[in-house]
Amino acid sequence: MSLAKARKGLKTAKKGGILTDQQKSVNEFLRVPKSNKTSSRFSPFDLDQAEEAYNYCAKFMKIANENPDNPIEKVLESAKEATETTDPELIRYALMSFVTHHPFARNRNLRIPPLIQRSPESCVPQKKVIIAPGPVVSDEKVGESKGDIEFCMNWYREDPNLNEHHEHWHIVYGSQGIPDPKTGERVNKDRHGELFVYMHRQMLARFDIERLGMNLPLIKPLDNYRAPIEEGYKPNTNLRDKNKLDTFGFREPNSVISSDDINMLEEKRKELEKAIEKGKLPDDTEITIDLLGAFVEPSNISGKQKMFNKLGNLHGSGHGVIGNITNDPGVMLKPRTAARDSVFWRWHRHIDNLINTWEEKQEPNDFSNSPPVGLQDIILVFKDKLPINHGETQDDEAAAFGEQTFGGENFDTDVSNNKYVTHELQTKMKSRIFVYTEDSQSPEKIDYLFPREFYYYFRVENTSSCQFEATFRVFIVPEELVESRRHWTELDKFKECLPPNSKTVVCRDCDMSSIVRQPPQKTEDELDDTALPTGVTANEHKNYCDCGWPFHLLLPRGRRGGMKFKLLVFISDWSEDEVPRISRCGSISFCASEASEKYPDKKPMGYPFDRPFKNNSYKETFAGLNNVVIRDVCINWVDEFPEVVEDC
């Protein structure tokens, strides 16, 4: 189904989406009162608090099951009562887990309201000025922090939708598991630990690429716990309450971790390094990437949780230690704000480096048994340049255009000079105004990246006499990082049937990306709101959820005048990759499936970049393979380009 068809009947509340009474009640409950923020010390990275939130979620599911006629109302009653004796922020977290996972909530199309509505002070960026011709920087820091290169990345770290993605992922993949809505038993989602590694690695790769585009150094890992933390973090004025008390703690530059916490972190790192060296966990279980990720995060694995909590948990412990350096809770304690702090990226680079030491001990992938296909090339065409109607039929029309222009008798011809073909992708910076209602309706400008939309056309030949079901895997990397397999970022992954003995032009819309939240948010309304059913099509949308990478960050920004990248497509055999599944929940690569389903790909996450390159060379790794094409592409950061948006 084309995305335009899938979006039919979905609109934001401003455009006619139905905000039901139940959704209004959920929105009201989940709204975080700014005046109460300083009293909350809840953090899902604290395992005891995360377990308490899990228990409340289980309680809410039980209440819903016992009250099938009015489950949401009864759950909200219980939640409100719980806030009288328990940290309201913990209860809100438990309710979001309930809304995300219980069928009664999903079948009613209940959604977690956008972060910018629930907790606007967590999203509003620092006020900015532009020092021509340099980067956008914070006007609160000019003079005071002149020369701090990290402020050049504020536009990215403070992106509300990026932070919402990180928060939502940790709700979908709670560290304590998910209560089964029917039985109440604890469910450990399939390959949770592996996905923890992969999703955060992709975030790191994208952040590094943005830094590279601004000629900044790559992320420096926070691997010396005894050294002062060079970067400070001062919450801007939007992160403080009306009495000017900091909502989050101010970490001074060169702050140090306490000696007790240093010893604790070093012990956990020692256990991890020992396990990696042996290839076995402390209980002598053979390490897999899934178990290693679960040990580090930690995530709940039946029978191993006590060991994981005591000896593992380096990742969560680091969040807690850094977030509690100050007397007031720091942004590192909450998934919805952690990525605003540059130390978040440093900590995660350290975690990923440790995991990588195990991966580098593995043998390179063996691609000798390649599928019976011949990939010819990757053709890129801007969506706005195609001579098609934009709407429900656009994908069919785009595919027909591709077959006529690049297929048939043109299949083997060089189309590089075709007037529709582009050899560069484009991005631009946009801005939208957010009215911050808690501060006298003061408007704030949010700067954000946006791509010029495009179609891929893959020319591929099925050389067998049978129909072949192919898995297309699309990745991109800056030319400067081409030998770093961890910096190859996923753009898409999808299935396509190739007829026997055929030459096919496969057409793919960029906004159908496997990593992107579905349906993608494009307009200003959608970026700050949730697209809701208009009523008549409600049941068609019950399997959509709000987990996934923001569409507007699909492409790296690139550079003015262009930044060189390598674009790769790798075809594998769908019959070997396929995992039967019921539904798509947001991004199939980052969010996978519902609690009881398997991750929808048997291959390792990040395949074919999950193992070391052959002789440390990407060229040797993929040389001579008919199922791989690598092409040059430039990403040009420009001032303006035409947009094609099917408005919700």
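Residues numbered from 1 in each chain as written. Predicted model: local features only at pLDDT ≥ 70, side-chain atom pairs only at ≥ 80, totals over all residues. Heavy atoms only, no water.

A separate point is the overall build of the protein chain. Across its full length, the protein chain holds 19 helices and 16 strands. The buried share of the protein chain, taken over its 648 residues, is 63%. Within the protein chain, contacts between residues separated by at least 24 positions form 78% of all contacts whose residues are at least 6 apart in sequence. Per element, the accessible surface of the protein chain, about 25100 Å² overall, is 48% carbon and sulfur. (Helix = DSSP H or I, 4+ residues; strand = E, 2+ residues; numbered from the N terminus. Buried < 20%, exposed > 50% of the residue type's maximum accessible area, 1.4 Å probe, protein only. Contact = heavy atoms within 4.5 Å. Areas by Shrake-Rupley, 256 points an atom, 1.4 Å probe, with all protein chains shown as cover.)

Along its 14 residues, helix H5 (residues 88-101) runs 20 Å from first to last C-alpha, staying within 8% of the 20 Å computed at 1.5 Å per residue. For H5, a buried count of 13 out of 14 residues is recorded, marking the element as mostly surrounded by other parts of the structure. Its side-chain oxygen 2.9 Å from the backbone nitrogen of Glu-89, Asp-87 forms the N-cap of H5. (Expected span 1.5 Å × (residues − 1). Polar contact = N/O pair within 3.5 Å; in protein donor to acceptor, adjacent residues only side chain to side chain.)

What the rule picks out here adds up to 1 disulfide. Disulfide pairing places Cys-547 opposite Cys-591 at an S-S distance of 1.9 Å. Here Cys-547 and Cys-591 share a disulfide; its torsion about the S-S bond, -75 degrees, makes the bridge left-handed. Highlighted residues: Cys-547 in the loop between strand S14 (532-533) and strand S15 (563-573) and Cys-591 in the loop between helix H18 (574-577) and helix H19 (618-622), separated in sequence by 44 residues. Comparing Cys-547 with Cys-591, the two get one shared label, buried. (Disulfide = S-S within 2.5 Å.)

A separate point is the environment of His-200. Mapped onto the fold, His-200 is located in helix H10 (residues 192-213). Along the backbone, His-200 and Ile-351 are 151 residues apart, and their C-alpha atoms lie at a distance of 9.8 Å. Other than its neighbours up to four places away in sequence, His-200 contacts His-166, Trp-169, His-170, Phe-344 and His-348. In terms of polar contacts, His-200 uses its side chain to reach the side chain of His-166, at 3.4 Å.

Taken in spatial order, the 4 strands line up as S7-S6-S10-S13 in an open sheet, and their pairing is antiparallel. Strands with a single pairing partner mark the edges of an open sheet, and in this sheet they are strand S7 (421-422) and strand S13 (502-509). In the sheet, strand S6 (residues 373-382) pairs with S7 via 2 bridges, with the strands oriented antiparallel. Looking at S7, one finds that Leu-380 is bridged to Thr-422. Those strands touched by helix H16 (residues 394-406) are S6, S7, strand S10 (454-462) and S13, and its axis lies near 55 degrees from that of S10. (Pairing = 2+ DSSP bridges. Axes fitted to C-alpha atoms, helices over the stretch in contact; angles between N-to-C directions.)

This model, assessed by the stated rule, comprises 52 salt bridges. Through salt bridges with shared partners, one network takes in Arg-201, Asp-208, Arg-349, Asp-352, Glu-359, Glu-360, Arg-485 and Arg-486. (Salt bridge = Lys/Arg side-chain N within 4 Å of Asp/Glu carboxyl O.)

Our next topic: the packing of aromatic side chains. Evaluation of the coordinates by the stated rule reveals 33 aromatic pairs. Between Phe-458 and Phe-494, the aromatic rings sit 6.0 Å apart at their centres with planes inclined by 40 degrees, giving tilted as the arrangement. Taken together, the residues Phe-458 in strand S10 and Phe-494 in strand S12 (residues 489-498) connect sequence positions 36 residues apart. Note on Phe-494: relative accessible area 6%, which makes it buried. Relative to Tyr-607, the ring of Phe-570 lies with its centre 5.4 Å away and its plane at 85 degrees, an arrangement referred to as edge-to-face. Taken as a pair, Phe-570 in strand S15 and Tyr-607 in the loop between H18 and H19 lie far apart in primary sequence, 37 residues in all. You'll find Phe-570 and Tyr-607 in the same group, each marked buried. Among the aromatic residues, those joined into a cluster by ring pairs are Phe-367, Phe-475, Trp-488, Phe-570, Tyr-607, Phe-609, Phe-613, Tyr-618 and Phe-622. Directly above the ring of Tyr-54 sits Arg-186, whose terminal nitrogen or CZ lies 4.0 Å from the centroid. Positioned over the ring face of Trp-637 is Arg-560, at 4.3 Å from the centre of the ring. (Phe/Tyr/Trp six-rings, centres within 6.5 Å; stacked < 30°, edge-to-face > 60°. Lys NZ or Arg CZ within 6 Å of the ring centre and 35° of its normal.)

As a further point, take the confidence of the model for the protein chain. Taken over all residues, the pLDDT of the protein chain has a mean of 88, while the share at 70 or more is 85%. Note on residues 129-146: pLDDT is under 50 here. Beyond four places in sequence and across chains, it has 35 contacts. Throughout residues 241-246 the model reports pLDDT below 50, and contacts reaching past four residues in sequence, or to other chains, amount to 9 contacts. (pLDDT = per-residue confidence, 0-100.)

We now examine the packing of helix H11 (residues 259-278) against helix H15 (residues 342-359). Where H11 meets H15, the closest approach of the two axes is 8 Å, and the angle between their N-to-C directions is 25 degrees. When the axes of H11 and H15 are compared, the pair comes out roughly parallel. Seen from above, H11 lies across H15 with right-handed handedness. Across the interface between the two elements, Leu-265, Arg-269, Leu-272, Glu-273 and Ile-276 of H11 pack against Trp-347, His-350, Leu-354, Thr-357 and Trp-358 of H15. Looking at the contact of H11 with H15 residue by residue, the class counts come to 6 nonpolar, 2 polar and 2 charged. (Parallel < 35°, antiparallel > 145°, perpendicular 65-115°, else oblique. Left-handed = near helix turned anticlockwise from the far one by under 90°. Nonpolar A, V, L, I, M, F, W, Y, C, P; charged D, E, K, R; others polar.)

With that settled, the discussion passes to unusual backbone geometry. In this chain, Glu-297 is followed by Pro-298 through a cis amide linkage whose omega measures 0 degrees. Mapped onto the elements of the fold, Pro-298 is located in the loop between helix H12 (289-296) and helix H13 (305-311). Residue Pro-519 follows Gln-518 across a cis peptide bond; omega there is -5 degrees. The topology assignment puts Pro-519 in the loop between S13 and helix H17 (524-527). For Asn-109, which is not a glycine, the phi torsion comes out positive at approximately 55 degrees. Its location among the elements puts Asn-109 in the loop between helix H6 (103-106) and helix H7 (115-118). With a relative accessible area of 10%, Asn-109 lands in the buried category. Although it is not a glycine, Asn-254 adopts a positive phi angle of roughly 65 degrees. On the accessibility criterion, Asn-254 (48% relative accessible area) is partly exposed.

With that out of the way, let us pick up the nonpolar core. With 114 residues, the main nonpolar core has Tyr-156, Trp-345, Trp-347, Phe-458, Phe-472, Trp-488 and Phe-622 as its most contacted residues. Once residues within four sequence positions are removed from consideration, Phe-622 is found in contact with Phe-367, Leu-568, Phe-570, Pro-608, Phe-609, Phe-613, Val-628 and Ile-630. Counting 28 residues, the second largest nonpolar core, distinct from the first, contains Ile-72, Ile-91, Leu-95 and Ala-105. (Core = buried A, V, L, I, M, F, W, Y, C linked by side-chain atoms within 4.5 Å.)

Closest axis-to-axis distance for the H11/helix H14 (residues 314-323) pair is 10 Å, and the angle between their directions is 165 degrees. Classed by the angle they form, the pair H11 and H14 counts as roughly antiparallel. In this structure, H11 meets H14 at a crossing whose hand is left-handed. Contacts between H11 and H14 involve Asp-261, Met-264, Leu-265, Lys-268, Arg-269 and Leu-272 on the former and, on the latter, Leu-314, Ser-317, Gly-318 and Val-321. Looking at the contact of H11 with H14 residue by residue, the classes come out as 5 nonpolar, 2 polar and 3 charged.

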